[in-house]
Amino acid sequence: MYSSLVRLQNTFGFFTTVIFVVAAFIAVSDVVTPREPVVATLKTNQVQVVRGRPHYYSSKKEEYAVIKFSLDADLSSLFTWNTKQVFVYVTAEWPSSSAAKIAGNVTENQAVIWDTIITAPSSDHLANLGPAARKKLLKSAAGKAIDPSRGKLSIKNQKPKYQITHPSGKIAETDDVVLKLHYNVQPWVGMLTWNQDIDMFRWKKLKNGMSKKFALPAIKKKVEAKKTTAGTGK
Amino acid sequence: MLSSLGNPRQAAAQLMNFGLILSTAFMMWKGLSVMTDSPSPIVVVLSGSMEPAFQRGDLLLLWNRNIASETNVGEVVVYNVKDKDIPIVHRVVRKFGVGPDAKLLTKGDNNSADDTELYARGQDYLVRKDIIGSVVGYIPFVGYVTIMLSEHPWLKTVMLGIMGLVVVLQRE
């Protein structure tokens, strides 16, 4: 009954129970920590549509929207002891063309134009960076376990990371496009969470996370378009 | 210790006990599968394409029902490419259209390019039915055991041996 095997089993069982209870406690602590993310500004600076190819060897020509934007946001309340990283992304969203709407196909389109990974100091060593950038990142939060100041974003006239198109290849002269800011909090253990559209208990909705409606212009002149095609070929 | 081998009744009871443990585990897995509507409700991360969020060996809990809203841009989904049996964990970055035929494009946070290259020949987008679940929960490290087991197959034999031995040697 009291063989060493039984003792080993009991020790291991107790160990796993303790680990899981502590993990559950940490995961639940997220829910009671208030979140008050606020966007001060999210606006477009320069919007253009160019012609390009999906990749270098493609003969297909498509239209690409290049949306430059500015963003001021305070997401510092998302950084707690259980935050591993916050993934921040800006999407462009637009309804389907008016012709399709009349036919009854109301479709929505969403595409990420820019994103960034903000690591917490506790996960800086995992970030995929070059040696110099990593050193700088580690230095920026030396001695800190949590660094909410990283949640303060101030970006001016940012070039988009992704030039977007539509499966039809046509995107010029699209109306009612908006930019939206989103975030995804990745914990060390527990539930993944995203921005909400409504207040939930102690988590406030993301205020002001949408830009004004804008229209994508007609395609740029050919001479200028040629220059930009090189950038779209990944 | 091995007296149970001489006692057929006890040996049979132990065999039943072993079967019970196996079938309980199987039923829990299948029950979870029904609850989440996903053929594989828990997956182990195999690649580093979502780093630093997910490392190899982390355990992800999936949910495959669209109760409040559709699968949207920004969700981290696990999908299977046509004719390939390796589940991939990546984020949805583009969505065109609504409903089951909406075109979805995915990308790993740690990859510089989107997943078009990973898809099957002639497949430019995923649709909802390619997805076997969205990631809702995260537990680090626990799944590393399965990576160890698949990379060092002899560990499987050792573990099965130990488990069998424990069952035989236990008297309850």
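Residues numbered from 1 in each chain as written. Chains lettered and ligands numbered in written order. Predicted model: local features only at pLDDT ≥ 70, side-chain atom pairs only at ≥ 80, totals over all residues. Heavy atoms only, no water.

## As for a positive patch on the surface
This is how the line gets drawn: Each patch groups residues whose relative accessible area exceeds 30% and which form no salt bridge, using 9 Å between like charges and 5 Å between nonpolar side chains of Val, Leu, Ile, Met, Phe, Trp and Tyr. Each accessible area is a Shrake-Rupley estimate made with a 1.4 Å probe; only the visible protein chains count as cover when residues are assessed. Salt bridge, as used here: a side-chain nitrogen of Lys or Arg that lies within 4 Å of a carboxyl oxygen of Asp or Glu. The sign given to each residue is positive for Lys and Arg and negative for Asp and Glu; His and the chain ends receive no count. In plain terms, the charge of a residue is placed at NZ if it is Lys, CZ if Arg, CG if Asp and CD if Glu. Numbering goes from the N terminus for both helices and strands, where a helix is a DSSP run of H or I of at least four residues and a strand is a run of E of at least two.
Residues A:Arg51, A:Arg53, A:Lys61 and A:Lys170 make up a contiguous surface patch of positive charge. Here A:Arg53 shows up in the loop between strand S1 (38-52) and strand S2 (62-74).

## Considering the sheet that holds S2(A)
All names here are of chain A. Operational definition: Should DSSP find at least two bridges between two strands, the strands are taken to pair. Whenever a helix is involved, its axis is fitted only over the stretch in contact; in every case the axis is a line through C-alpha atoms, and angles between N-to-C directions fall within 0 to 180 degrees.
Pairing is antiparallel in the open sheet, where three strands are placed in the order S1-S2-S5. Unpaired on one side and paired on the other, S1 and strand S5 (152-158) mark the two borders of the sheet. Put simply, the sheet's adjacent strands are angled 25° from each other on average, direction ignored.

## Here we look at the UniProt feature "transmembrane region" (unreviewed entry) in chain B
This is how it is decided: UniProt positions are given in the numbering used here, feature names are shortened, and annotations may be inferred rather than shown by experiment.
Cross-referencing UniProt, the feature "transmembrane region" (unreviewed entry) maps to residues 12-29 and 131-147 of chain B in the present numbering. In the segment residues 12-29 of chain B, helix accounts for 100% and strand for 0%; the C-alpha atoms at its two ends are 26 Å apart.

## Comments concerning the UniProt feature "transmembrane region" (unreviewed entry) in chain A
Mapped onto the present numbering, the UniProt feature "transmembrane region" (unreviewed entry) falls at residues 12-33 of chain A. Secondary structure content for residues 12-33 of chain A is 95% helix and 0% strand, and the end C-alpha separation is 32 Å.

## Some words on the packing of aromatic side chains
Two descriptors summarise a pair of aromatic rings, namely the distance from one centre to the other and the angle between the planes of the rings. Worth spelling out the cut-off: Aromatic pairs are defined between Phe, Tyr and Trp rings, using the six-membered ring for Trp, whenever the two ring centres lie within 6.5 Å; interplanar angles under 30 degrees are classed as stacked, those over 60 as edge-to-face, and all others as tilted. Three labels apply to residues, based on accessible area from a 1.4 Å probe with only protein chains included: buried if under 20% of the type maximum, exposed if over 50%, partly exposed otherwise in between. Comment: the charge-over-ring label is applied if NZ (Lys) or CZ (Arg) is within 6 Å of the ring centre and within 35 degrees of the ring normal.
Following the criterion strictly, the structure yields six aromatic pairs over all chains and no others. Ring centres 5.6 Å apart and planes at 25° place the aromatic pair B:Phe54 and B:Tyr138 in the stacked group. Separated by 84 residues along the polypeptide, B:Phe54 in the loop between strand S1 (42-44) and strand S2 (59-63) and B:Tyr138 in strand S6 (residues 131-139) bring together distant segments of the chain. Per residue, the accessibility class of B:Phe54 equals that of B:Tyr138, and both read buried. Aromatic pair B:Tyr79 and B:Tyr119: ring centres 5.9 Å apart, planes at 80°, arrangement edge-to-face. Placement of B:Tyr79 in strand S3 (residues 76-80) and of B:Tyr119 in the loop between strand S5 (103-107) and S6 is noted, with a sequence separation of 40 residues between them. Of the two residues examined, B:Tyr79 and B:Tyr119, each falls in the buried class. A:Arg35 extends its terminal NZ or CZ atom over the ring of A:Trp203, reaching a point 4.0 Å from the ring centre. Positioned over the ring face of A:Phe87 is B:Arg91, at 3.8 Å from the centre of the ring.

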